[in-house]
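The primary structure of each chain is shown beneath.
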Amino acid sequence: MALLIIHNNSLSGFIPLNIGNSQFLWGLDLSNNQFSSSIPLSFGNLSNLIFLYLYENSYFASIPSNVGKLKSLGDLQLNGNQFISYIPSSFGNLTNLSTSRLSKNKLFVSIPNEIGKMRSLNILDNLTNPKELALLYNCLSGSIPPSLENPMLARLGLDFNHFKRTIPKSLRSCTSLIRLCRNRNNLTRDISEALGIYPYLTFIDLSRNNFHGEIPSNREKCPKLGTLGVLMNTITKGIPREIRNSSQRQALDLSLNHIIGEIPKELGKLNSLIKLILRRNQLVGCLPTEIGSPIELEYLDFSVNRFNNLIPESLENLLKLHYLGLCKNKLVQELPKILEKLVQFSELDLSYNFLGPIPNSIAFRGASVEALKGNKRLCVSAKGLQPCKALRQQKQDCGAKWFTIVFLLVGALFVSIALILIFFIFQKWKSNLGDRQCNNQNPQGLLSILNFKGKLV
């Protein structure tokens, strides 16, 4: 029995066709080189091979089906090549296979049902009886086969493919899962029904799919879950208050959904939280004071929502915070000066709000114009924005202008009223004068009429 390891070199060309004559080989590692062409068909003769590492090369063409003859194979890593083919159904014969890594190729069509026969997926590392199937970054399509059910499967990576339809219910039986990645597919289902009971699960990434329903918060199903990523789905309901039971949660990314309502105060009970991203949803109301309770928080992004009112002063408790995203909300007033206490604070985005002067700290002083633009009342010592002194002077000048305008308007109003009064008084006086003249002329006219009548008599 022999072992051949030639990894991490700059070897190129192709593998000799007669390598299949080395039936005594039990381990072959040609990874991280520049080998090209295809895998020789003679590989099927290496019946004693336990591990085969050909990852990070330039192999193309198809994966030969006679690889399925390597029944002793326990670890197969072909990731990081340019294989253009389907997954051979003969892989179902590799019943001793513990690790299968086919990621970052150009595999297409669907996963064959025979894959479900590989019941011994067991990674050789420090985890207790872990299992892995990695098919990331390919062009696989269709549906996930129900035969993939494997109670001992610990890691399932199907990210960046073109799977469609629903997730098979059989995956709920994979109770040994530690990591579950189904990112960037077209999977659809109620997210609360897509998951089973996974006592060892620590990581879930269901991003960039079409999951809907309510955010799962049942701690009994995933008691050790530390990371939950469901960004860019079609979740429409609010954040459940039961989320407070997820005490192990360290990262929560619910961005680019249609989540409605307010942020529940119970979110502040996630004391282990390091990253919280709720960007681009339809959340409304005020930011709760309790958001300053998870003191381990390093990354906080509430951008592109409908939050209004003030930024809570409780953010001063987040001494480890290095990023704060609040752009495109309806936040008003000044930022709390206590944010100057955040010594780790280095990045922010406050653009397009109604904020006033900002605190004097490194993050704010060094902020880019893009991170602060769109705030009419904002002033800071940053390139492209007016300094606060100029803003105060502008406000004073603006106030003086308004005072002058108001004074002139009020003065004009009084003058107009006075002229109107004078006009009416003059008209009244003229009317009275006319009446008196008329009364003085009437007696003489009457005497003339009487004298005229006397003469006639």
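Residues numbered from 1 in each chain as written. Predicted model: local features only at pLDDT ≥ 70, side-chain atom pairs only at ≥ 80, totals over all residues. Heavy atoms only, no water.

Here N309 lies in strand β23 (residues 306–309). On the basis of relative accessibility, which here comes to 37%, the residue N309 falls in the partly exposed class. With 24 residues separating them in the primary sequence, N309 and G285 have C-alpha atoms 7.8 Å apart. What N309 contacts, discounting residues up to four positions off in sequence, is C286, K330, L331 and V332. (Helix = DSSP H or I, 4+ residues; strand = E, 2+ residues; numbered from the N terminus. Buried < 20%, exposed > 50% of the residue type's maximum accessible area, 1.4 Å probe, protein only. Contact = heavy atoms within 4.5 Å.)

What follows is about the pattern of salt bridges. The final tally for this structure, using the stated rule, is four salt bridges. Two residues, E296 and K320, come together in a salt bridge whose shortest N-O distance is 2.6 Å. Highlighted residues: E296 in the loop between β21 (282–285) and β22 (299–301) and K320 in the loop between β23 and β24 (323–325), separated in sequence by 24 residues. The partly exposed category is assigned to E296, whose relative accessible area is 29%. Among the ionic pairs, E316 bridges to K341, the shortest N-O distance being 3.1 Å. Taken together, the residues span a long stretch of sequence, with E316 in the loop between β23 and β24 and K341 in the loop between β25 (330–333) and β26 (347–349) at a distance of 25 residues. Look at E316 and you get partly exposed, because its relative accessible area is 24%. (Salt bridge = Lys/Arg side-chain N within 4 Å of Asp/Glu carboxyl O.)

Read across the open sheet, the five strands follow the order β19-β21-β23-β25-β27; overall the sheet is parallel. Two strands bound the open sheet, and with one partner strand each, they are β19 (260–261) and β27 (354–355). In this structure, β21 lies alongside β23, joined through two bridges in parallel fashion. Each residue of the ladder has a partner; that of G285, found in β23, is F307. (Pairing = 2+ DSSP bridges.)

It is worth spelling out unusual backbone geometry at this point. A positive phi angle, near 55°, is found at R184, a position not held by glycine. On the secondary structure map, R184 appears in the loop between β13 (179–181) and β14 (186–190). By relative accessible area, which is 38% here, R184 ends up partly exposed.

On to the confidence of the model for the protein, then. The predicted coordinates ought not to be read in detail in places where the model reports low pLDDT. Across the protein, the average pLDDT comes to 81, with 84% of residues at 70 or higher. Long-range and interchain partners of residues 122–130, a stretch whose pLDDT sits below 50, account for 20 contacts in this model, where long-range means more than four residues apart. (pLDDT = per-residue confidence, 0-100.)

To continue, consider the environment of K104. Its location among the elements puts K104 in the loop between β7 (99–101) and β8 (108–109). Given a relative accessible area of 49%, K104 falls into the partly exposed group. Between the C-alpha atom of K104 and that of N79, which follows or precedes it by 25 residues, the distance is 5.6 Å.

In this structure, L270 sits in the loop between β19 and β20 (275–277). L270 sits in the buried class, given a relative accessible area of 0%. The sequence separation of L270 and L297 amounts to 27 residues, and the corresponding C-alpha distance is 9.8 Å. For L270, the residues in contact, after removing those within four places along its chain, are I243, R244, S246 and P294.

The next subject is the side chain of Q77. By the element assignment, Q77 lies in strand β6 (residues 75–77). A relative accessible area of 9% places Q77 in the buried class. Those residues in contact with Q77, other than ones at most four positions away along the chain, are L52, Y53, L54, Y55, T99 and R101.

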